[in-house]
2 protein chains.
Amino acid sequence: MTGIAPEFDIGARLLAMRRAARLSQRQLAERAGVPHAQISVIETNRSSPSISTLRKILTGLNLTMADFFDGERAAPEGPFFGRDDLIDLTSKVPVSGAQDMEGRITFRQIGDARRNNLQMLHEVYEAGADTGETRLEHFSNEGGYVIEGALEVTVGEDVRVLCPGESYLFDSRIPHRFRNVHDGRTVVVSACTPPYL
Amino acid sequence: MTGIAPEFDIGARLLAMRRAARLSQRQLAERAGVPHAQISVIETNRSSPSISTLRKILTGLNLTMADFFDGERAAPEGPFFGRDDLIDLTSKVPVSGAQDMEGRITFRQIGDARRNNLQMLHEVYEAGADTGETRLEHFSNEGGYVIEGALEVTVGEDVRVLCPGESYLFDSRIPHRFRNVHDGRTVVVSACTPPYL
DNA sequence: TGCGCCTGTCAAATATTTTGAGCACCCCAG
DNA sequence: CTGGGGTGCTCAAAATATTTGACAGGCGCA
């Protein structure tokens, strides 16, 4: 048996986190103090790393185990969700210029994205919030609808400011960026499939 | 190198969780579908289990990875903590008669218990809340001070109702139990060393 | 083109974990 | 006391993960 967990894709998750940190396998390996091949093997799910190994690697990403497995947290059953049923993903979303963005962008997920293969988020951007250029390679499609405020969305070469009632939909592989250009907060309801996290 | 993680004691944590679930190593092993020796080896920190293995074991305890590593979550630095800095432990505390107690007892931790080797909690018992007989074997000492309401505390053979201003302190190895006998909520500030979770 | 540097992957040797059986101990009923 | 059933721990073989160094492809630049 090649003990690979089916439910939660460790490899994909690590890959996403690493990409988000803009690190190569080798860079991460050095930070974490593990051989570089290790990263490759784990990301492609060809081994189920030991806790100690995973922890070392996570150290290089400044993440805790809890952070890493947060997505696995039991989600409310549904199909209906109250205000408090939304799952806060903020800490998990690897916003590129994360230095200054702390606490300025909030993502809350509706239900169990993985099970439904659909990730719906309620996103709140405080004034000035900016994801920076997101070059995350999730092979997904994502869309969103602006509820409040004004969101500048950049997709590849296209840029546009979206106001309440306006929306977007594109292939996630295209580098994209979200920026709140409103002086108050901007609220968006978005969807992504398959789920990013 | 015998890759054992120093920071977060996996073995102790698993032991605590297993005890809380009132399962023997063999019982848990069967539920989880792993050999019983595994449990022993992990609990004594003589191996750092693979993610897939740990997940299997956790399944037998009805826990997710996120639950298990929740304690490792980055705690606020301190030495001062605002209202929102307290860490909610409610989901992690294995209250014995947990069936009915859902949402009726709240535990919030102050700062990083593990680092300071001191776990301070703000506990809120809703009307009727009862921990049931807690036969948790933590080799700790714990104390508490009642802020509001009325708490019936049972320690071994001793029983007493504590009102605001009253307090308790005892060896945690003695079976104990907390019960809110007030018709409103009861609030307690407690401490435990070394930390239970 | 060819050099240098980067990327990620692969294969073989080594180290660790996992496995299943067996051991010692304790408790209780016969 | 003796057998049955429980507890957790130990051991050696088998399976897996980790490590190391080599490899192929991409990219920029002389």
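Residues numbered from 1 in each chain as written. Chains lettered and ligands numbered in written order. Predicted model: local features only at pLDDT ≥ 70, side-chain atom pairs only at ≥ 80, totals over all residues. Heavy atoms only, no water.

An unreviewed UniProt entry annotates chain A as Cupin domain-containing protein of Mesobaculum littorinae.

Asks: Would you mind showing me how to read the overall build of chain A here?
Replies: Across its full length, chain A holds 7 helices and 9 strands. Taking all 197 residues of chain A together, the buried fraction comes to 46%. In chain A, the proportion of contacts linking residues at least 24 apart, taken out of those at least 6 apart, comes to 65%. As displayed, chain A has an accessible area near 9,900 Å², and 50% of this comes from carbon and sulfur atoms. (Helix = DSSP H or I, 4+ residues; strand = E, 2+ residues; numbered from the N terminus. Buried < 20%, exposed > 50% of the residue type's maximum accessible area, 1.4 Å probe, protein only. Contact = heavy atoms within 4.5 Å. Areas by Shrake-Rupley, 256 points an atom, 1.4 Å probe, with all protein chains shown as cover.)

Asks: What exactly am I supposed to notice about helix 1 (residues 10-20) of chain B here?
Replies: Given 3.6 residues per helical turn, the α-helix brings residues three or four places apart onto the same face. Most of helix 1 of chain B sits inside the fold, with 8 of its 11 residues counted as buried. When helix 1 of chain B is considered as a whole, its buried residues turn out to be Ile10, Gly11, Arg13, Leu14, Ala16, Met17, Arg18 and Ala20 of chain B. As for helix 1 of chain B, its buried residues are in contact with helix 4 (51-60) of chain A together with helix 2 (25-32), helix 3 (36-43), helix 4 (51-60) and helix 5 (65-68) of chain B. Arg22 of chain B sits one or two positions beyond helix 1 of chain B and adopts a positive phi of about 55°.

Asks: Before we go on, may I ask you to explain the side chain of Asp130 of chain B in this structure?
Replies: All names here are of chain B. By the secondary structure assignment, Asp130 is in the loop between strand 3 (119-125) and strand 4 (141-148). Relative accessible area serves as the criterion here: at 15%, Asp130 is assigned to the buried category. At 2.6 Å, the side chain of Asp130 forms a polar contact with the side chain of Arg177. (Polar contact = N/O pair within 3.5 Å; in protein donor to acceptor, adjacent residues only side chain to side chain.)

Asks: It is not clear to me how the sheet that holds strand 5 (residues 151-155) of chain B should be interpreted in this structure. Could you clarify?
Replies: Strand pairs in the sheet, formed through backbone hydrogen bonds, run parallel or antiparallel to each other. All names here are of chain B. Spatially, 6-5-8 is the arrangement adopted by the 3 strands of the open sheet, whose pairing is antiparallel. The open sheet has two edge strands with one neighbour each: strand 6 (158-162) and strand 8 (176-180). The mean inter-strand angle of the sheet, taken between neighbouring strand axes irrespective of direction, is 15°. Pairing geometry for strand 5 and strand 8, over 5 bridges, is antiparallel. In the strand pairing of strand 8, Val153 is matched with Phe178. (Pairing = 2+ DSSP bridges. Axes fitted to C-alpha atoms, helices over the stretch in contact; angles between N-to-C directions.)

Asks: Teacher, can you tell me more about the environment of Ile10 of chain A here?
Replies: As for its placement among the helices and strands, Ile10 of chain A is situated in helix 1 (residues 10-20). A sequence separation of 35 residues divides Ile10 of chain A from Asn45 of chain A, and the C-alpha atoms of the two residues are 7.1 Å apart.

Asks: Would you take a moment to explain the packing of aromatic side chains for this structure?
Replies: For any pair of aromatic rings, the description rests on two quantities: the centre-to-centre distance and the angle between the ring planes. Residues and elements named next belong to chain B. Applying the stated criterion across every chain, the model contains 8 aromatic pairs over all chains. Aromatic pair Phe68 and Phe69: ring centres 5.2 Å apart, planes at 85°, arrangement edge-to-face. We classify Phe68 as buried; its relative accessible area is 0%. When the centroid spacing of 6.4 Å and the interplanar angle of 80° are considered together, the rings of Phe107 and Tyr125 count as edge-to-face. Taken together, the residues span a long stretch of sequence, with Phe107 in strand 2 (residues 105-110) and Tyr125 in strand 3 at a distance of 18 residues. Overall, the relative accessible area of 6% leaves Phe107 in the buried class. Judged by relative accessible area, which is 0%, Tyr125 ranks as buried. (Phe/Tyr/Trp six-rings, centres within 6.5 Å; stacked < 30°, edge-to-face > 60°.)

Asks: Any chance you could explain the side chain of Arg13 of chain B here in plain terms?
Replies: Within the secondary structure, Arg13 of chain B is located in helix 1. A distance of 3.0 Å separates a polar side-chain atom of Arg13 of chain B from the backbone oxygen of Asp67 of chain B.

Asks: Is there a simple way to think about the sheet that holds strand 5 (residues 151-155) of chain A in this case?
Replies: Residues and elements named next belong to chain A. Read across the open sheet, the 3 strands follow the order 6-5-8; overall the sheet is antiparallel. A single partner strand is all that each edge strand has here, and the edge strands are strand 6 (158-162) and strand 8 (176-180). Strand after strand, the sheet turns through a mean of 15° between neighbouring axes, direction not considered.

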